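# Working through the structure, step by step
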Amino acid sequence: RENLEALPRRLLGSGSPEEDLLGNVTGEFNYHFTFRLEGGGYFQSGVLVAAAERAPGGLPVPLRCRWKRRVADVMVEIPGVTSNMYQISADDVGTDITVEAQPADADDGFFGVASGEIGPFELDSGTRRSLDNALGVGEAKFSVMQCQSEDKRRGSNNGSQELNILVSADSVRVANLPGSGGREVVAEYGSEFPRVILHPLDTTKFTLVMSESKTFQLSAPSRAVRDLVALTIRCFHAKKHISSAAILRQLLPVQQLVPGPGVGGAPLDGGRLDFCIVLERLIKELNRSMMQKELSERMLRNTNLEKHDLQDQLLETIGGFSEVMGDLEGQLTDPSLPPAAQPAASPDRLQEQVKESFSTNQFLQAELQRATDELAQLRSEREARRRDDRPAGGGVLVQEATRLREERSALQTRLMELSNGTFNAEKQEKVDQAHTQELKRLRQDVEQLHNSKEQLRRELQDKGREREELQQNFLYVKSQLDKVQMKQAQSFNGNGSADGSREQQKHQKALDAVGEERSRLSSRLETLLNEFEKEKGYHEQSLERLMKANGKIMEEKDRSSREVQRLSQLYADSVKQLQGVGQGGETDRTMMTTGTLRPEDGGSSDEGQDEVRKLTAELATVEESLVKREQENDSLKSRIRKLAIA
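Residues numbered from 1 in each chain as written. Predicted model: local features only at pLDDT ≥ 70, side-chain atom pairs only at ≥ 80, totals over all residues. Heavy atoms only, no water.

In this section: the overall build of the protein chain. Across its full length, the protein chain holds 12 helices and 15 strands. Excluding contacts between residues fewer than 6 apart, the proportion of contacts in the protein chain whose partners are at least 24 apart in sequence is 63%. Accessible surface, the protein chain: about 42,700 Å² in total, of which carbon and sulfur atoms supply 53%. (Helix = DSSP H or I, 4+ residues; strand = E, 2+ residues; numbered from the N terminus. Contact = heavy atoms within 4.5 Å. Areas by Shrake-Rupley, 256 points an atom, 1.4 Å probe, with all protein chains shown as cover.)

With that settled, consider the nonpolar core. Ile-165, Val-167, Phe-206, Leu-208 and Leu-218 are the most contacted members of the largest nonpolar core, which has 28 residues in total. When residues of this core are traced back to their parent elements, those giving at least two are helix H3 (125-137), strand S9 (139-147), strand S10 (160-168), strand S11 (171-176), strand S13 (195-198), strand S14 (205-209), strand S15 (215-219) and helix H5 (223-241). At six residues, H5 tops the list of elements feeding residues into this core. Not counting chain neighbours up to four residues away, the residues in contact with Phe-206 comprise Val-144, Ile-165, Val-196, Ile-197, Leu-198, His-199, Phe-216, Gln-217, Leu-218, Ala-220, Arg-226 and Val-229. By size, the runner-up hydrophobic cluster in this structure holds 23 residues, among which are Phe-35, Tyr-86, Val-99 and Ala-101. (Core = buried A, V, L, I, M, F, W, Y, C linked by side-chain atoms within 4.5 Å. Buried < 20%, exposed > 50% of the residue type's maximum accessible area, 1.4 Å probe, protein only.)

Turning next to the environment of Phe-43. Relative to the assigned elements, Phe-43 resides in the loop between strand S2 (32-38) and strand S3 (47-53). Along the primary structure Phe-43 and Gly-94 are separated by 51 residues, whereas in three dimensions their C-alpha atoms are 9.9 Å apart. Those residues within four positions of Phe-43 in sequence are excluded, and the remaining contacts are Ile-88, Phe-121, Glu-122, Leu-123 and Asp-124.

Before going further, it helps to spend a moment on the packing of aromatic side chains. Scanning all chains against the criterion turns up six aromatic pairs. Ring geometry for Tyr-31 against Phe-110: centres 6.5 Å apart, planes inclined by 80°, an arrangement best described as edge-to-face. Here Tyr-31 is found in the loop between strand S1 (24-29) and S2, whereas its partner Phe-110 is found in the loop between strand S7 (96-103) and strand S8 (112-118), with 79 residues between them in sequence. Residues Tyr-31 and Phe-110 agree in their burial class; the two are buried. (Phe/Tyr/Trp six-rings, centres within 6.5 Å; stacked < 30°, edge-to-face > 60°.)

Let us now look at the sheet that holds S2. The strand order S2-S3-S6 describes an open sheet built from three strands, whose pairing is antiparallel. Unpaired on one side and paired on the other, S2 and strand S6 (85-87) mark the two borders of the sheet. Neighbour to neighbour, the strand axes of the sheet diverge by 10° on average, direction disregarded. Across three bridges, the pairing between S3 and S6 is antiparallel. Within the sheet, the bridge partner assigned to Val-49 lies in S6 and is Met-85. (Pairing = 2+ DSSP bridges. Axes fitted to C-alpha atoms, helices over the stretch in contact; angles between N-to-C directions.)

This paragraph deals with the pairing of strand S5 (residues 74-77). By the bridge criterion, four bridges tie strand S4 (residues 63-71) to S5 in an arrangement that is antiparallel. What sits directly across from Arg-70, in S5, is Met-75. The loop that links S4 with its antiparallel partner S5 comprises two residues; one of these, Ala-72, has a positive phi angle of about 60°.

Another point: the sheet that holds S15. Spatial strand order, S12-S11-S10-S9-S15-S14-S13: seven strands in an open sheet with antiparallel pairing. On the outer flanks of this sheet lie strand S12 (185-188) and S13, each paired with one strand and no other. Looking at each pair of strands side by side, their axes are set apart by 30° on average, direction ignored. Of the pairings in the sheet, the one linking S10 to S11 comprises five bridges and is antiparallel in character. Paired with Asn-164 across the two strands is Ala-175, which belongs to S11. Strands S9, S10, S11, S13 and S14 of the sheet are contacted by H5, whose axis makes an angle of about 150° with S13.

Below, the discussion takes up unusual backbone geometry. The bulk of non-glycine residues show a negative phi, and the bulk of peptide bonds are trans. Along the chain, Gly-119 connects to Pro-120 via a cis peptide bond; the corresponding omega equals -5°. On the secondary structure map, Pro-120 appears in the loop between S8 and H3. Phi is positive for Ala-72, which is not a glycine, with a value near 60°. For Ala-72, the location among the structural elements is in the loop between S4 and S5.

With that settled, consider H3. For H3, which comprises 13 residues, the first-to-last C-alpha distance of 18 Å matches the rise-based estimate of 18 Å (1.5 Å per residue) to within 8%. Residues of H3 that are buried in the fold lie against S9 and H5. Sitting at the head of H3, Asp-124 places a side-chain oxygen 3.2 Å from the backbone nitrogen of Gly-126. Of the residues flanking the end of H3, it is Gly-138, one or two places downstream, whose phi is positive at about 100°. (Expected span 1.5 Å × (residues − 1). Polar contact = N/O pair within 3.5 Å; in protein donor to acceptor, adjacent residues only side chain to side chain.)

This part covers a positive patch on the surface. Together, Arg-545, Lys-548, Lys-552 and Arg-639 make up a positively charged patch on the protein surface. Considering each element in turn, the positive patch owes the most residues, three residues, to helix H10 (residues 497-583). (Patch = residues over 30% accessible without salt bridge, like charges linked within 9 Å, V, L, I, M, F, W, Y side chains within 5 Å. Salt bridge = Lys/Arg side-chain N within 4 Å of Asp/Glu carboxyl O. Lys, Arg positive; Asp, Glu negative; His and termini not counted. Charge placed at Lys NZ, Arg CZ, Asp CG, Glu CD.)

So, on to the pattern of salt bridges. Scanning the entire structure with this criterion turns up 18 salt bridges. Its salt-bridge partner being Glu-77, residue Arg-66 comes within 3.4 Å of it at the nearest N-O pair. With Arg-66 in strand S4 and Glu-77 in strand S5, this pair connects stretches of sequence that are 11 residues apart. Overall, Arg-66 belongs to the partly exposed group, its relative accessible area being 40%. Between Arg-226 and Asp-227 there is a salt bridge, and its shortest N-O distance comes to 3.6 Å. When salt bridges that share partners are traced, they join Glu-316, Glu-454 and Arg-457 into one network.

Turning our eyes to something else, we now look at the environment of Asp-132. Relative to the assigned elements, Asp-132 resides in helix H3. Its relative accessible area of 25% is what places Asp-132 among the partly exposed residues. The spacing of Asp-132 and Arg-281 is 149 residues in sequence and 8.9 Å in space, taken between C-alpha atoms.

Among the surface-exposed residues, Val-71, Val-74 and Val-76 lie close enough to one another that they form a single nonpolar patch of about 220 Å² accessible area. With respect to the element layout, Val-76 can be found in strand S5.

On average, the protein chain scores 76 in pLDDT, and the residues at 70 or more come to 74%. Here residues 586-604 is modelled with pLDDT under 50, and outside its nearest four sequence neighbours on either side it reaches 32 contacts, counting other chains as well. (pLDDT = per-residue confidence, 0-100.)

The next thing to look at is the packing of H3 against H5. Where H3 contacts H5, the two axes come as close as 10 Å, and the packing angle between them is 40°. Here H5 runs oblique to H3, going by the angle between their axes. With respect to the hand of their crossing, H3 and H5 are arranged in right-handed fashion. Along its contact with H3, which presents Thr-127, Ser-130, Leu-131, Ala-134 and Leu-135, the element H5 presents Leu-228, Leu-231, Thr-232, Cys-235 and Phe-236. Grouping the constituent residues of the contact of H3 with H5 by class yields seven nonpolar, three polar and no charged. (Parallel < 35°, antiparallel > 145°, perpendicular 65-115°, else oblique. Left-handed = near helix turned anticlockwise from the far one by under 90°. Nonpolar A, V, L, I, M, F, W, Y, C, P; charged D, E, K, R; others polar.)

Below you can see the structure in the form of structure tokens.
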């Protein structure tokens, strides 16, 4: 009865949780002793811990404990547990647990016996729900493992066997799994059997006593399953021999409501009592379902609000990007802008141009190789004719030889230009790739700047709203001040000048304080607005610098395209010259028959060396210009990176 009286107080949560989880400590001892419950509540799944310290927060003191279970007014000792920790089980539901602790070593100077008591304990919600379902259905099935003794385990290969426990309202059956060929062991509910004995130390082991001659040592998959098996068997066993109406009549006696003959407190029959219990369970389930429904509706409302906020933000972002895209399209379609000021081409278009330049470069290299082979062949033929022909004189032939040497020099010059053009094309391809990457990075920087601009705009709107709130507060304070002044004037006219002057001074101080607060807030607002304007101007300047750098990159691209066109024109001219050389082969053959060119070989070689030196000098000049351009590109990249970081 005391446990039932304390149960509503615990369910309503009166008292602090920390106090509820600490037991009552009594006794005479010279050390600090605590008795607490761990596990989140007064349920059979918790753990009791008895701890002792030399002083609060000091070194621990080892204890030797005796655990007991209070059933009504009877103390039942729990055997096999002497440590300072105890695992609560299904045996402890509805009872209090007490502990008697004393120091394990008396030589340390600590003495005395400390007693602690805590309880009563009840089932957790999950186990209670499973037990209600089993009792409502009328049967339950559990899978457990049979634990063999040491002798049997040594003589067999398998140390455990899986079994099924079938608990019904009439009996308990233990059987092997289907297909194993094992026999069932059946025990009907009697005065002593079947009986469940829980292991005091191992939270999964228990003993199922079916009869005097048949006992099973079993192990459940978990602690909750073991407690559920024990409680299910005990509830069906108690329901078989003891009616619920008799228990309730003992706990809650029915009194006569209306005195008179034939009218008295009639006991409730079993059917109505079961109906009331089922009805109460259904009401609890209904309340739980209503709470879950309210929680789901609240979550749905929050989700809808978040959805609307996200939609508004998305529409605002789409609007901002639409404005930026419209401005860019206007710049693209505006014919008054110069080519350098227009936006850069797309990266896909630039990649296509780079691929076209690469294919053109490969074609030029093939043509250059073919022209080099033809020139080498012509030279070998001429040398062969020189060795075969005899020397002769003639001024006309000397002039023709001079003309041919000039043509050869021109062809060599064109050949060097084509070689330089191929090298420049490869360089240009690398530069174009670098420019493409820079354009992508610059576009990302522009998008980041736009996002920063939108964020600053939103912050500016927030500050504007704060300013409006401050103005409204100021107007409200001013109206209140006017009312106070009116009251002051009335009080001055009614009560005299002395009281009015004091009231006026007090209100004047309040007015001065409000004015100072207003000045401080106004100065702070102005400072914030100035800072936002400075940041806005800085970001706009950064954007302008990025656009200028983009224009320079486009100029470099146009210059590269013009260089490719010039190389193509040089290639066409060289092809025409080579064709002219092929047509004049017969004239060269007739001129070489006289042999007058032999005396001029020395002079031609000197002139060729001079031309080679000049070409080498020009090549060095071109390489220096290329190095300067690369340095300029590197410096431009570093400036753009600094701007992006800033």
